[in-house]
Amino acid sequence: MNPPPFPDTAEQEPVFSDMRDGDSDEGEDIFLGSSKTGAESPSVPQLNIKAETTDLFAEQASSTAPTVGLGTGGSSNGVQSDDDNDLFSDAHVELPTENASSSTPSGPRPAATFIPGTADMQTKSMEQLEEEEAKDTFDVDVAVTNPEKVGQFTPIHFSLHNVSHYQSSTIKFNLYLCFNNVLNNAIIPFHHYNWKLYLFLSAGDGMHAFMAYRVSTKSTLPVFRNKEFSVKRRFSDFLGLYEKLSIKQSLQGCIIPSPPEKSVVGMTKVKVGKDDSSSVEFVERRRAALERYLQRIVAHSVLLQDPDVREFLERDELPRAVNTQALSGAGFLKMINKASDAVNKMTIKMNESDTWFEDKFQEVENEEQQLRKLHIVVDSLVNHRKELCGNTAVFAKSMAMLGNSEDNTALSRALSQLAEVEDKMEQLHHDQAASDFFILAELLADYVRLLGTVRGCFGQRMRAWQRWQEAQSTLQRKREAEAKLLWANKPDKLQQAKEDITEWESRVTQYERDFDRISVTVRKEVLQFEKEKAKDFKFQIYKYLETMLQSQQRLIKFWEAFLPEAKAIA
Amino acid sequence: SLVQLACNSSKTRSVSVDLNNDTALIIDIPDALCERDKVKFTVHTKTTLSSFQKPDFSVPRQHEDFIWLHDTLVETEEYAGLIIPPAPPKPDFESPREKMHKLGEGEATMTKEEYTKMKQELEAEYLAVFKKTVQVHEVFLQRLSSHPILSKDRNFHIFLEYDQDLTVRRKNAKEMFGGFFKNMVKTADEVIISGIKEVDDFFEQEKTFLLDYYSKIKDSTIKAEKMTRSHKNVADDYIHISATLSSISADDSTAIKKHFEKLADLFEKLRKVEGRVASDQELKLTELLRYYMRDIQAAKDLLYRRARALADYENSNKALDKARLKSRDIPQAEEQQQLCLQKFDKLSESGKRELTSFKGRRVVAFRKNLIEMAELEIKHAKVMLTMIYRCLFDNAYAIMKLALNVVTSRPFP
């Protein structure tokens, strides 16, 4: 499915006049609603700012979706003049003009980006905002766009071997086929008339088809050659980057965002050339996930400085990443679980004066479980809404038929109009389902994975501690051995023993330092992660709520247009 | 479980129109009782007619009593030229009952709060089914009471007045008629109607129209039902989402907590409205289509009866010709032919009247319900819009800051 369309600003007419509609029928006075922030008189601000907020919604709605862009994301939007942008006023999201639909549901934006200050300003005091503004503003924006199939349908030579009794001949054909790079050679049974033929397919040397994505970066950081640049990358490149980063950084306790998972089924359909909606949806889902993956990486101060990351963003031709098998979804999960199992299975319990790590780990585990549950429930919503979408379409067609059948002219027209309204409702449900999925469901899926990664970091810290403890007990043993030797008076072995002790002493020191360092890193990373998570969720929730707003606004428009038609029946 | 219901006047509730216009005979079902699966309706009559013993009285009736009444009317030869109002469908609590069962099975997997909410939703659904069945039984009686001829039917009066159990009477009636005519109508099918050579343009057109319209409206009814069910599923999902968000925010101590809380609260509010959207859609749209589908079937039945009368007439003509040829039994044949012709003419005349007023009634009912549905959709959407706005802009300070930002277009100092 396609991501939600961005609203055209003409539609932004919020129905303010009815906000004060007490509507006792609904059983609750809206103004007595759940406002938990005590001292608030809802009616006053609403009345006073009526005029402004109308515009506000128009701008806000158009600006939160980065695609709308083509300019409105820029300076004309008063709301952009947010605290965060003071220092980095020329940083803004790359707006792909060709493919407007492709980057609407973008993920977390690095702090220094564009609007919507609205989301940010909600719950912060002025002091808090200033504080945030001073830290973690990275002037790098990445976008992943324009998925396109690369590579031609490879001309394949294949032989037909006739295995009938009478003849044995081979016929060579040229056939254009496209297949995924797992099937390099295939034998396909093929029946032709009475002959049993076998096709031997062998790959030509040439490109196989794959999906390439354009990765565009905009940055004023001096470490990059240019201010704006883009490269073409394929999925395995993203996986390769993750592998490199994992090897280097994860041992330090860094939380490394993980890329989306491999999917043979999904990609095969795309490669074979199926252009149906599920293929389109798959590609869009992957593109959005890759974008979020990169955005999270560049939002991370340590990772951004990694040369592999810069190379990934900048270098024109990247050597093919091979052996990305380990990074399939199942492999990744296994890795994570192994790491966190280490925490649970520890025989010697860490005696920590500071229970922070223990508590935090528990929190992380709980949250992961909860988000997983929430993800399941949101998934159910997505499916039901898609169902509703389908059923509405079917109903619309049926209603159109009924309208044709109706012999009263005015009623016939009204029924046809009703069919049209239901058609529009189908589109509405479709768009809302896309929002449900791309904004909420994917957010939750991302964080379930990320929390798994966090758990893994705790596991690494555990392992560092274990190493240190083991080294200490080894040192202890060496010392005891030395003592024994002393007592047994074997001077030649004694030298070795002393050397051993020195070596292990330094190891103990080393490992203790490692452990301390990883503890510091993990703590810092987790706090940073939580901050990012809060921002991310807040942003996505607001984005989601806006799509719900738009849905209701559209709905009202549709039915208000229908009402006179219904009244015209005579 | 026992569910008692006090109903309001049906005028605002029903999909049908032109009811209870005649103040000489006013019927309603002010309350009903549901025991297990048996529904007991209290049928209340207020009348100025002398043919009744009292001016104001009530009797308890079951669904089967309504069916008996409908069938006897259908079987009455005299009413062959009338559209007999369709029989109310049997009360069907299958859907909410099944869902209640599933809910019970899944109780362990959800929080107490979630379970309570789901149960509430199901009880509301149960109640909605109940209200619907009361309404549809009531409308049936009111159609009869508003009909100039049917309102005078003796069995109708017995139904309204007889203060004993009708069960015995019902059994006798069944034995007498054996459901003969009804079965015939059912198995007769469009084939017979289509096969007859039509003499009258009006009926030719009606036949084509009704046959086509019936299949279309039946299709629409089924599809509307599916659509409404999906809608209910979405509303139910909101319950689960709200509950899960609540429990997450309860455990959370970070900045997200507030957002989750607000979102949980919003979903809880929204699901009630979405549920109402679904049930309003069901009442105004699905029920409308369903009712007129049955009404059109009743109109088709009338056409069928007329077609049979035409066939009888044509047969009697053939018999008369044969008699004339054989010079035997001519007077009987002539008499028979005359009878058939009279019957046919009467049916045609009455049928034409009935079908014309049916048209008008249908158009008016559609108009009323489509308007109401559109108005309700708009109303509910506006309520939801307000709720979402509130959620987005809960903080007055934030609103002011926003407003100031927009006006001054400068970063906040």
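Residues numbered from 1 in each chain as written. Chains lettered and ligands numbered in written order. Predicted model: local features only at pLDDT ≥ 70, side-chain atom pairs only at ≥ 80, totals over all residues. Heavy atoms only, no water.

- Per an unreviewed UniProt entry, chain B goes by the name Sorting nexin and belongs to Gadus morhua.
- What the UniProt record of chain B gives under Sequence similarities (unreviewed entry) is the line "Belongs to the sorting nexin family." (UniProt positions renumbered as here; feature names shortened; annotations may be inferred.)

- Chain A carries the name PX domain-containing protein in an unreviewed UniProt entry, which gives Gadus morhua as its organism.
- We quote the UniProt Sequence similarities (unreviewed entry) comment for chain A here in full: "Belongs to the sorting nexin family."

## Let's talk about the overall build of chain B
Move 1: The secondary structure content of chain B amounts to 10 helices and 4 strands.
Move 2: Mapped from its N terminus to its C terminus, chain B presents α and β elements in the order β-β-β-β-α-α-α-α-α-α-α-α-α-α.
Move 3: Within chain B, the fraction of its 413 residues that count as buried is 54%.
Move 4: Of the contacts formed within chain B by residues at least 6 apart in sequence, a portion of 76% connects residues at least 24 apart.
Move 5: Summed over all atoms, the accessible surface of chain B reaches about 19,100 Å², with 55% contributed by carbon and sulfur. (Helix = DSSP H or I, 4+ residues; strand = E, 2+ residues; numbered from the N terminus. Buried < 20%, exposed > 50% of the residue type's maximum accessible area, 1.4 Å probe, protein only. Contact = heavy atoms within 4.5 Å. Areas by Shrake-Rupley, 256 points an atom, 1.4 Å probe, with all protein chains shown as cover.)

## Here's the deal with the environment of A278 of chain B
Residues and elements named next belong to chain B.
Move 1: Assignment of secondary structure puts A278 in helix 8 (residues 256–326).
Move 2: Assessed through its relative accessible area of 0%, A278 is described here as buried.
Move 3: Separated by 45 residues in the primary sequence, A278 and N233 have C-alpha atoms spaced 9.5 Å apart.
Move 4: Ignoring any residue separated from it by four or fewer positions in sequence, one finds A278 in contact with T228, H231 and K232.

## Brief notes about helix 7 (residues 201–251) of chain B
Move 1: Look at helix 7 of chain B: 75 Å from first C-alpha to last across 51 residues, which is about the 75 Å you get at 1.5 Å a residue.
Move 2: Measuring from the side-chain oxygen of the N-cap residue of helix 7 of chain B to the backbone nitrogen of F202 of chain B gives 3.0 Å; that N-cap residue is D200 of chain B. (Expected span 1.5 Å × (residues − 1). Polar contact = N/O pair within 3.5 Å; in protein donor to acceptor, adjacent residues only side chain to side chain.)

## Description of the pattern of salt bridges
Move 1: Counting across every chain of the model gives 55 salt bridges over all chains.
Move 2: One salt bridge connects R554 of chain A with D431 of chain A, and the closest N-O pair in it is separated by 3.0 Å. Pair noted here: R554 of chain A is in helix 13 (residues 491–567) and D431 of chain A is in helix 12 (residues 409–488), with a separation of 123 residues, a long-range link.
Move 3: Its relative accessible area of 16% is what places R554 of chain A among the buried residues.
Move 4: Put simply, R353 of chain B and E349 of chain B hold a salt bridge, and the shortest N to O gap is 3.6 Å. Remark: E349 of chain B and R353 of chain B occur in helix 9 (residues 330–392); sequence separation between them is 4 residues, near one turn of the helix.
Move 5: Connected through shared salt-bridge partners, R285, R292, R296, E442, D446 and D536 of chain A make up one network. (Salt bridge = Lys/Arg side-chain N within 4 Å of Asp/Glu carboxyl O.)

## Considerations on the state of the cysteines
Residues and elements named next belong to chain A.
Move 1: Within the structure shown, the criterion is met by 0 disulfides over all chains.
Move 2: Summary of cysteine pairing: C254 is not part of a disulfide, and the nearest cysteine sulfur, belonging to C457, is at 7.2 Å.
Move 3: Judged by its relative accessible area of 3%, C254 is buried. (Disulfide = S-S within 2.5 Å.)

## A look at the environment of R296 of chain A
Residue and element names in this part refer to chain A.
Move 1: Looking at the element boundaries, R296 is found in helix 7 (residues 277–298).
Move 2: In this structure R296 comes out as buried when scored by relative accessible area, which is 13%.
Move 3: It is 9.1 Å that separates the C-alpha atoms of R296 and E532, two residues lying 236 residues apart in sequence.

## A few points about the packing of aromatic side chains
Move 1: Counted by the stated rule, this structure contains 26 aromatic pairs over all chains.
Move 2: Summarising the aromatic geometry, the rings of F202 of chain B and F203 of chain B are spaced 5.2 Å apart at their centres and angled 85 degrees between planes, so their arrangement reads as edge-to-face.
Move 3: An aromatic cluster is defined as three or more aromatic residues linked by ring pairs; in this entry it consists of Y213, F238, Y293 and F312 of chain A.
Move 4: Above the plane of the ring of Y214 of chain B lies K300 of chain B, whose end atom (NZ or CZ) is 3.7 Å from the centre.
Move 5: The ring of F358 of chain B has R362 of chain B sitting right over it, with the charged end atom 5.9 Å from the ring centre. (Phe/Tyr/Trp six-rings, centres within 6.5 Å; stacked < 30°, edge-to-face > 60°. Lys NZ or Arg CZ within 6 Å of the ring centre and 35° of its normal.)

## Examining the confidence of the model for chain A
Residue and element names in this part refer to chain A.
Move 1: Predicted confidence across chain A gives a mean pLDDT of 68, with 57% of residues reaching 70 or more.
Move 2: Here residues 1–136 is a poorly scored stretch, pLDDT under 50, and it has 274 contacts once near neighbours within four places are set aside; other chains count.
Move 3: Here residues 153–207 scores under 50 on pLDDT; set against residues more than four positions off or in separate chains, the count is 103 contacts. (pLDDT = per-residue confidence, 0-100.)

## Quick word on the nonpolar core
Move 1: Core analysis: the largest hydrophobic core is formed by 124 residues, its most contacted members being L371, L545 and W559 of chain A together with L289, L355, F366 and L370 of chain B.
Move 2: A total of 28 residues in this core trace back to one element, the largest contributor, which is helix 12 of chain A.
Move 3: If near-sequence neighbours (up to four positions away) are discounted, F366 of chain B is found in contact with L411 and L415 of chain A together with Y213, I217, L288, L289 and Y292 of chain B.
Move 4: Counting residues in hydrophobic clusters, the runner-up holds 33 residues, among them V59, Y126, V129 and F130 of chain B. (Core = buried A, V, L, I, M, F, W, Y, C linked by side-chain atoms within 4.5 Å.)

## Focus: unusual backbone geometry
Residues and elements named next belong to chain B.
Move 1: Its identity as a non-glycine residue notwithstanding, S327 has a phi of 50 degrees, on the positive side.
Move 2: Summarising the element assignment, S327 is placed in the loop between helix 8 and helix 9.
Move 3: Since its relative accessible area comes to 58%, S327 is described here as exposed.
Move 4: One non-glycine residue with positive phi stands out, namely D329, at about 55 degrees.
Move 5: Note on D329: relative accessible area 45%, which makes it partly exposed.

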